[in-house]
Amino acid sequence: MLLYGLNYAPETVGIGKFSGDMATWLAARGHQVRVVTAPPYFPEWQARGNRYRHKHSEGVAVWRCPLWVPRQPRGLTRLVHLASFAVSSLPVLLAHRRWQPDVVLTVAPAFFCAPGALLLGRLCGWRTRTWLHIQDFELDAAFELGMLKGKLLRRLAERWERGTLGRFDRVSSISGAMLRRVVAKGVADHRAVLLPNWVDLDAIQPQGDEARAANPYRRELGIGAEAMVLLYSGSMNRKQGLQILVEVIRQLADVENLIWLLAGEGPNKAELAAGLAGFPQVRLLSLQPLERMNDWLNLADVHLLPQRAGAADLVLPSKLLGILASGRPVVATSAADSELGQLAEQAGVRVEPEDPAGFAAAIRRLVGDGALRQQRGRAARQLAEQRYGKEAVLQQLERELHR
């Protein structure tokens, strides 16, 4: 299999982590796996070693191709960023014609890579199958969130997208709602595959009350056992809608013993820091090491998952799976009929997008009701076990590859 996509390990969050897990798992099962990708740059938006490179890692042959990384990824600059990788990687991708992969699996974003993957499949002949895996409807999100504008531009983009999707042998996505959108865009039912993201249920497990008090992060950060920790951890970009937290924190300033931990990187972090200046109970941190993720996720009494309106069915946040596995409740903003909304109603409290008063009320409810926190936390872990176990999902992927 040739895996072709913008993000890959050692990126520890988002698509890069899942693509890395997928490739190394398949290699460990005896498959030959090659990867064409960009240098690691996410979520800091700073490329490390931005040049052509080739190395082997954990049984996988990895080719890195340079790209342009904007300081502020907005609208046109984001499109140029995505296109730069599609252009720089095309010669490396097409050189794999001699290898004759059985499957070329492309991960979107960047959708701009899809034509190159289809071209390679055509050059390799009928024995090579093409598969597009959609982690994020980047074109839809760009228009829904106002990064791109114009009815004519959107109509042209959707026509190109529809024609491209229809040429892949398989198109998969990470949630039922996103897969229905795939079919609505013209992909035949028998070519559409549900392939959710996954979580390592052994690496992330709920910790009990005694472990909560002894969590090493509480000692390192100077957080007392009586304090309630409200945690956001992940990328800090526009679609996260993190600015809602500024107003929420202001509305809850009267509640004692609340500690807000906002950890991550991204172009909106400086703006968030400016809005929260003067709130001593708020701490902005960097992303935490992957090997400490279990302690980090269990540090939270309540997890925070804001999303902007219009983004809920365009992407199912990958960070949600770790939250569920940790057995801690979540407050998430999403429409009631979205997949994220339905999960949040079972594993915590769902709030309408861009409703700071509702978000604050949900936090008050969970903070003040220990029994409710425990009940929603147990439900969260059950959802992770039933739907998102790593071995089950990747075995499903392997069966579909053989098919």
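A. Fine view of the overall build of the protein. When you go through the protein residue by residue, the secondary structure sums to 16 helices and 14 strands. Computed over the C-alpha atoms, the radius of gyration of the protein is 21 Å, within 12% of the 22 Å expected from 2.2 N^0.38 for a compact globule of 403 residues. Across the 403 residues of the protein, 58% fall into the buried class. A sequence separation of at least 24 residues applies to 71% of the contacts in the protein between residues at least 6 apart.

B. Just the nonpolar core, in detail. Ranked by size, the top nonpolar core spans 106 residues in total, and within it Leu3, Met22, Leu261 and Trp296 carry the most contacts. The element contributing the most residues to this core is helix α1 (residues 15-28), with 7 residues. With near-sequence residues (within four places) excluded, leucine 3 lies in contact with Tyr8, Ser19, Met22, Ala23, Arg34, Val35, Val36, Leu105 and Val107. Listed in part, the 30 residues of the second largest apolar core include Leu245, Val246, Leu262 and Ala362.

C. Geometry of the side chain of arginine 212. Relative to the elements of secondary structure, arginine 212 occurs in helix α7 (residues 209-213). Side chain to side chain, arginine 212 and aspartate 301 meet in a polar contact 2.8 Å long. Residues within four places of arginine 212 in sequence aside, it is in contact with Arg218, Ala225, Ala227, Met228, Asp301 and Arg328.

D. Region of interest: the sheet that holds strand β1 (residues 2-5). Taken together, 8 strands build an open sheet; the order of strands is β3-β4-β2-β1-β5-β6-β7-β8 and the sheet is mixed. The sheet is open, and its two edges are formed by β3 (53-57) and β8 (192-194), each paired on a single side. This sheet shows a mean twist of 20 degrees between the axes of neighbouring strands, independent of strand direction. When β1 meets strand β5 (residues 103-108), the two strands line up parallel, connected through 4 bridges. Looking across to β5, one finds that leucine 2 is bridged to valine 104. Against the sheet, helix α16 (residues 390-402) engages β5, β6 (129-134), β7 (170-173) and β8, with an angle of about 150 degrees to β6.

E. Focus on the sheet that holds strand β12 (residues 302-305). Here 6 strands make up an open sheet; going across it, the order is β11-β10-β9-β12-β13-β14 and the pairing parallel. If you trace the sheet from one side to the other, it starts and ends with β11 (282-285) and β14 (348-351), each paired once. Direction aside, neighbouring strands of the sheet carry axes that sit 20 degrees apart on average. Both β12 and strand β13 (residues 330-333) contribute to a ladder of 3 bridges, which runs parallel. For histidine 303, the partnering residue across the bridge sits in β13 and is valine 330. With respect to the sheet, helix α9 (residues 244-251) is in contact with β10 (258-263), β11, β12 and β13, its orientation differing from that of β10 by roughly 170 degrees.

F. The arrangement of the packing of α1 against α16 in detail. Direction vectors running N to C along α1 and α16 enclose 70 degrees, while the axes themselves pass 11 Å from each other. The orientation of α1 relative to α16 falls into the category roughly perpendicular. The element α1 and its partner α16 pack so that their crossing is right-handed. Residues Asp21, Met22, Trp25 and Leu26 of α1 form the contact with α16, whose own contacting residues are Lys390, Glu391, Leu394, Gln395, Leu397, Glu398 and Leu401. Looking at the contact of α1 with α16, its residues break down into 6 nonpolar, 1 polar and 4 charged.

G. Region of interest: helix α13 (residues 339-347). Here α13 has its buried residues at Glu339, Leu340, Gly341, Leu343, Ala344 and Ala347. Looking at the buried residues of α13, the elements they touch are α6 (176-184), β12, α12 (319-326), β13, β14 and α15 (370-387).

H. Highlighting a nonpolar patch on the surface. A cluster of nonpolar side chains, Trp68, Leu76 and Val80, forms an exposed patch at the surface whose accessible area comes to about 310 Å². The topology assignment puts tryptophan 68 in the loop between β4 (60-64) and α2 (75-94).

I. Layout of the pairing of β3. Of the strand pairs in this sheet, β3 and β4 are connected by 5 bridges, and their pairing is antiparallel. The residue bridging histidine 56 from the neighbouring strand is alanine 61, located in β4. Joining the antiparallel neighbours β3 and β4 is a turn of 2 residues, in which glutamate 58 adopts a positive phi near 50 degrees.

J. Highlighting the packing of helix α14 (residues 356-367) against α15. Two elements in contact, α14 and α15, have axes whose closest approach is 6 Å; the angle formed by their N-to-C orientations is 100 degrees. Judged by the inter-axis angle, α14 sits roughly perpendicular to α15. Contact residues: α14 offers Arg365, Leu366 and Val367, while α15 offers Leu372, Arg373 and Arg376. In terms of residue class, the contact of α14 with α15 is made up of 3 nonpolar, no polar and 3 charged.

K. Main features of the pattern of salt bridges. All told, the structure shown has 16 salt bridges when counted by the stated rule. Residue glutamate 398 is joined to arginine 29 by a salt bridge in which the shortest nitrogen-to-oxygen separation is 2.6 Å. With glutamate 398 in helix α16 and arginine 29 in the loop between α1 and β2 (34-37), the pair connects residues that are 369 residues apart, well separated along the chain. A salt bridge links glutamate 345 to arginine 350, with the shortest nitrogen-to-oxygen separation between them at 2.8 Å. Since its relative accessible area comes to 40%, glutamate 345 is described here as partly exposed. Connected through shared salt-bridge partners, Arg170, Glu400 and Arg403 make up one network.

L. Here's a closer look at α9. Those residues of α9 not exposed but buried are Ile244, Leu245, Val246, Val248 and Ile249. Looking at the packing, one finds that the buried side of α9 touches β10, α10 (269-275), β11, β12, β13 and α14.

M. Focus on the environment of threonine 24. One can find threonine 24 in helix α1. C-alpha separation for the pair threonine 24 and serine 57, spaced 33 residues apart in sequence, amounts to 8.5 Å. Excluding its chain neighbours within four sequence positions, the residues that come into contact with threonine 24 are Tyr8, Glu58 and Val60.

The rules behind the values
- Residues numbered from 1 in each chain as written.
- Predicted model: local features only at pLDDT ≥ 70, side-chain atom pairs only at ≥ 80, totals over all residues.
- Heavy atoms only, no water.
- Helix = DSSP H or I, 4+ residues; strand = E, 2+ residues; numbered from the N terminus.
- Rg over C-alpha atoms; globule rule 2.2 N^0.38 Å.
- Buried < 20%, exposed > 50% of the residue type's maximum accessible area, 1.4 Å probe, protein only.
- Contact = heavy atoms within 4.5 Å.
- Core = buried A, V, L, I, M, F, W, Y, C linked by side-chain atoms within 4.5 Å.
- Polar contact = N/O pair within 3.5 Å; in protein donor to acceptor, adjacent residues only side chain to side chain.
- Pairing = 2+ DSSP bridges.
- Axes fitted to C-alpha atoms, helices over the stretch in contact; angles between N-to-C directions.
- Parallel < 35°, antiparallel > 145°, perpendicular 65-115°, else oblique.
- Left-handed = near helix turned anticlockwise from the far one by under 90°.
- Nonpolar A, V, L, I, M, F, W, Y, C, P; charged D, E, K, R; others polar.
- Patch = residues over 30% accessible without salt bridge, like charges linked within 9 Å, V, L, I, M, F, W, Y side chains within 5 Å.
- Areas by Shrake-Rupley, 256 points an atom, 1.4 Å probe, with all protein chains shown as cover.
- Salt bridge = Lys/Arg side-chain N within 4 Å of Asp/Glu carboxyl O.

Keep in mind that these numbers describe shape and distance, not what the molecule does.
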